[in-house]
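Residue-level structural notes
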Amino acid sequence: MSNPAPSVTKLFVKTFGTKPDALYQAPGRVNLIGEHTDYNEGLVLPAAINFHTIIAVKRRDDDKFRAVSAAFPGIFEWHYGDEGSMSEDEGWVSYLKGFTSAMAQSGLPARGLDLAVIGNVPANAGLASSASLEIAFGTAINDTSQLHLSPLAIAQLAQRGENHYVGYGCGIMDQITCAMAEAGAALLIDCLDLDCESVPFPDDLSLLIINSGLPSIAHSTEFGERRLQCEQVAGHFGLDTLRHLSLRALQSAEDELDPVAFRRARHVISENQRTQSACRALEQGDIARLSKLMAESHRSMRDDFEISHPAIDTLVELIAEVVGERGGVRMTGKGFGGCVIALVEHELTDKVIAAVEQQYPAKTELEASVYLCSPSDGASRLD
Ligand code: GLA
């Protein structure tokens, strides 16, 4: 997106015949490591990226919302607290309605808004385009209705909206990252107590995201299935989540567990350990260790959690071949398609891009896009 402010203002003026009061932004996110651990009250290490959703808003004197998007046709309207139930035809608007519905359920007051949305976070790529939309919107309402909610509270409302209105049982990693990340750093989130700590991103690494060209389908039934399998294993041990189950306890009960559920839990427990170790490796600038941990994470997603795809595995393998121990590579996000993240020494960046361009289409008949990103700030008002 070159400079989105004039375009979103133009869309607003064209739709509503008046100028907006203010513009708000929220970024997309990429996860460095810690996949499918958030809804298990585990650890995640994402970063916000320099792809954004921008919303232009004007406060109304009533409780009505009117929303328009540059990417989809139609103007959508609803009243605060009267969102009805989610309808498949609403698409992107359901994330906004989910947010106002969660607010109203919490008893918060809010004024209506006219709003126009524009964004460049790739959709269905596992880069949290929906959380980015929710958080840009939540940040706008918080400000225009003078609610003084913390970024964490906005993230929690957004997650509640997705869970209850949209009907998607996501964890909270995406919403917290879009709301709270800091430029130049990854964010270690402990999803048990929601404690967040910025982990500086090393100066000597490039952050590459490689979009496989295979969509990571938004609300796949596989996601809900994985979540349930994790809950079943936790339940077997009399626990609510897998956070405090040790690998040893899991292994000693292997015979009592369904073999698939056992592998799902092994992924989550070992991924928490890898996330903790990856944080230390980043802090110490130990790239060889990071490389190993990211490779293990990918294998665990592929073999134990079974959320990868042959084309994604091909992409990971061909990049790993170029970077060796001088960087790490793994699938990122919910999986079943989407993107690969590669953290590589700067001088390898061009070699990685060349390898992807030369080998990936021939091996998979797919085209990949490479984004050179920088860890960015969370949501804010744009002045
Ligand atoms: C999706 C969900 C997140 C998280 C990831 C997997 O992005 O929205 O909460 O579970 O998948 O790590």
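Residues numbered from 1 in each chain as written. Predicted model: local features only at pLDDT ≥ 70, side-chain atom pairs only at ≥ 80, totals over all residues. Heavy atoms only, no water.

A closer look at the overall build of the protein chain
Scanning the protein chain from terminus to terminus reveals 11 helices and 12 strands. Taken over the C-alpha trace, the protein chain has a radius of gyration of 21 Å; the compact-globule value for 383 residues is 21 Å, and the two agree within 12%. Along the first, second and third principal axes, the C-alpha set of the protein chain runs to 60 × 50 × 40 Å. Here the protein chain holds 383 residues, and the buried ones make up 57% of them. Partitioning the contacts of the protein chain with sequence separation of at least 6, the portion at a separation of at least 24 is 72%. For the protein chain, the exposed area adds up to about 15700 Å²; of that, 47% sits on carbon and sulfur atoms. Charge centroids of the protein chain, computed over 31 positive and 52 negative side chains, lie 3 Å from each other. (Helix = DSSP H or I, 4+ residues; strand = E, 2+ residues; numbered from the N terminus. Rg over C-alpha atoms; globule rule 2.2 N^0.38 Å. Buried < 20%, exposed > 50% of the residue type's maximum accessible area, 1.4 Å probe, protein only. Contact = heavy atoms within 4.5 Å. Areas by Shrake-Rupley, 256 points an atom, 1.4 Å probe, with all protein chains shown as cover. Lys, Arg positive; Asp, Glu negative; His and termini not counted. Charge placed at Lys NZ, Arg CZ, Asp CG, Glu CD.)

Describing the nonpolar core
One finds Leu115, Phe137, Ile141 and Ile319 to be the most contacted residues of the largest nonpolar core, which totals 90 residues. Residue assignment places this core across two domains, with domain 1 (4-201) and domain 2 (205-373) each supplying three or more. Residues in contact with Ile141, not counting those within four places in the same chain, are Phe65, Phe99, Thr100, Met103, Ala110, Leu113, Gln146 and Leu147. (Core = buried A, V, L, I, M, F, W, Y, C linked by side-chain atoms within 4.5 Å. Domains from an automatic or database assignment.)

Thoughts on the site of the ligand
Residues in contact with the ligand, as listed here, are Arg29, Glu35, His36, Asp38, Tyr39, Tyr168, Cys170, Gly171, Met173, Asp174, Phe223 and Lys334. Between the ligand and Asp174 there is a distance of 2.9 Å, counted from an oxygen atom to a side-chain nitrogen or oxygen. About the coverage of the ligand: the protein hides 97% of its 300 Å² of free accessible area. In terms of residue class, the shell around the ligand is built from five nonpolar, two polar and five charged. (Near = heavy atom within 4 Å. Polar contact = N/O pair within 3.5 Å; in protein donor to acceptor, adjacent residues only side chain to side chain. Nonpolar A, V, L, I, M, F, W, Y, C, P; charged D, E, K, R; others polar.)

What about the packing of aromatic side chains?
Overall, the coordinates contain nine aromatic pairs when judged by the stated rule. Plain terms: the ring middles of Tyr168 and Phe223 are 5.0 Å apart, the flat faces sit at 55° to each other, and that makes the pair tilted. One end of the pair, Tyr168, is in the loop between helix H4 (151-166) and helix H5 (173-180); the other, Phe223, is in helix H6 (residues 221-236), and 55 residues separate them in sequence. The class for Tyr168 is buried, based on a relative accessible area of 10%. For Phe223, a relative accessible area of 6% gives the class buried. (Phe/Tyr/Trp six-rings, centres within 6.5 Å; stacked < 30°, edge-to-face > 60°.)

Focus on the pairing of strand E10 (residues 339-345)
The element E10 is extensively covered by neighbouring structure, given that six of its seven residues are classed as buried. Examined bridge by bridge, strand E8 (residues 205-211) and E10 share seven bridges and lie antiparallel to one another. Each bridged residue has a counterpart across the sheet, and for Ile209 the counterpart in E10 is Ile341. Note that strand E9 (residues 327-332) and E10 share six bridges and pair antiparallel. By the bridge assignment for E10, Gly328 is matched with Leu343. (Pairing = 2+ DSSP bridges.)

Section: the sheet that holds E8
An order of E9-E10-E8-E11 is seen for the four strands of this open sheet, with the pairing classed as antiparallel. Two strands close off the open sheet at either side, each with one partner strand: E9 and strand E11 (369-373). Geometrically, the sheet is characterised by an average inter-axis angle of 20° between neighbouring strands, direction not taken into account. Helix H10 (residues 310-323) rests against E8, E9 and E10 of the sheet, and its axis sits at about 175° to E9. (Axes fitted to C-alpha atoms, helices over the stretch in contact; angles between N-to-C directions.)

Overview of the domain arrangement of the protein chain
Its domain assignment divides the protein chain into domain 1 (4-201) and domain 2 (205-373). Computed over C-alpha atoms, the centres of domain 1 and domain 2 are 25 Å apart. With 36 residues of domain 1 at the interface, the matching set in domain 2 holds 47 residues. Contact with domain 2 buries area across many residues of domain 1, yet Ile33, Glu35 and His36 alone supply 19% of it, more than any other trio. (Buried area = accessible area lost by both parts, 1.4 Å probe.)

Some words on the UniProt feature "domain: Galactokinase N-terminal" (unreviewed entry) in the protein chain
Taken from the UniProt record, the annotation "domain: Galactokinase N-terminal" (unreviewed entry) applies to residues 11-59. This span, residues 11-59, is 12% helix and 59% strand, and a straight line between its end C-alpha atoms measures 16 Å. (UniProt positions renumbered as here; feature names shortened; annotations may be inferred.)

Focus: the packing of helix H8 (residues 259-284) against helix H9 (residues 287-303)
At their nearest, the axes of H8 and H9 sit 9 Å apart, and the two run at 165° to each other. In this view, H8 runs roughly antiparallel relative to H9, as classed from their interaxial angle. Every pair of crossing elements has a handedness; the one defined by H8 and H9 is left-handed. Of the residues in H9, those touching H8 at Arg263, His267, Ser270, Glu271, Arg274, Ser277, Ala278, Ala281 and Leu282 are Arg289, Leu290, Leu293, Glu296, Ser297, Ser300, Met301 and Asp303. (Parallel < 35°, antiparallel > 145°, perpendicular 65-115°, else oblique. Left-handed = near helix turned anticlockwise from the far one by under 90°.)

Describing the environment of Gln229
Within the secondary structure layout, Gln229 lies in helix H6. Sequence separation between Gln229 and Ile353 is 124 residues, and the spatial gap between their C-alpha atoms is 37 Å. The contacts of Gln229, once residues within four sequence positions are left out, are Val260, Ala261 and Arg264. In terms of polar contacts, Gln229 uses its side chain to reach the side chain of Arg264, at 2.9 Å.

Comments concerning H10
With 14 residues, H10 should cover 20 Å at 1.5 Å per step; its first-to-last C-alpha distance of 20 Å lies within 8% of that length. Taken together, the buried positions of H10 are occupied by Ala311, Ile312, Asp313, Thr314, Leu315, Val316, Leu318, Ile319 and Val323. Next to the buried residues of H10 lie E8, H9, E9, E10 and helix H11 (349-364). Just downstream of H10, Gly324 is the residue with a positive phi angle, here 55°. (Expected span 1.5 Å × (residues − 1).)

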